[in-house]
Amino acid sequence: MEVTGVAGTRHGHGLVIGKFYPFHAGHQALVRAATSSCDRVTVEVIAHSVESIPVDVRVGWVQSEHPTARVVAAPDDHPVDFD
């Protein structure tokens, strides 16, 4: 049985964007849903250089659980003004 999208059609390419800081069951479910309804999936792991879990570790987590997905890292070192 083929899993299809909401409209009943299979999608060509899915994109999942997140920090995965850390990678948890909700992220797993989201990526699993994308891989089951899309021919190709890209997962973009966004990270700031001051975060305690390096981006390459997070990319590894996602890639090891979802080997059919293309997992890429994206820097997000923009200054944050919390005031």
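Residues numbered from 1 in each chain as written. Predicted model: local features only at pLDDT ≥ 70, side-chain atom pairs only at ≥ 80, totals over all residues. Heavy atoms only, no water.

(A) Structural view of the sheet that holds strand β1 (residues 11-18). Spatially, β1-β2-β3 is the arrangement adopted by the three strands of the open sheet, whose pairing is parallel. This sheet does not close on itself; its edge strands, each paired only once, are β1 and β3 (70-75). Here the average twist between neighbouring strands, direction ignored, is 20 degrees. Pairing of β1 with strand β2 (residues 38-47), which is carried by seven bridges, proceeds in the parallel orientation. Note on β2: the bridge partner recorded for isoleucine 17 is glutamate 44. Relative to β2, helix α2 (residues 55-65) is tilted by about 155 degrees, and along the sheet it contacts β2 and β3. (Pairing = 2+ DSSP bridges. Helix = DSSP H or I, 4+ residues; strand = E, 2+ residues; numbered from the N terminus. Axes fitted to C-alpha atoms, helices over the stretch in contact; angles between N-to-C directions. Contact = heavy atoms within 4.5 Å.)

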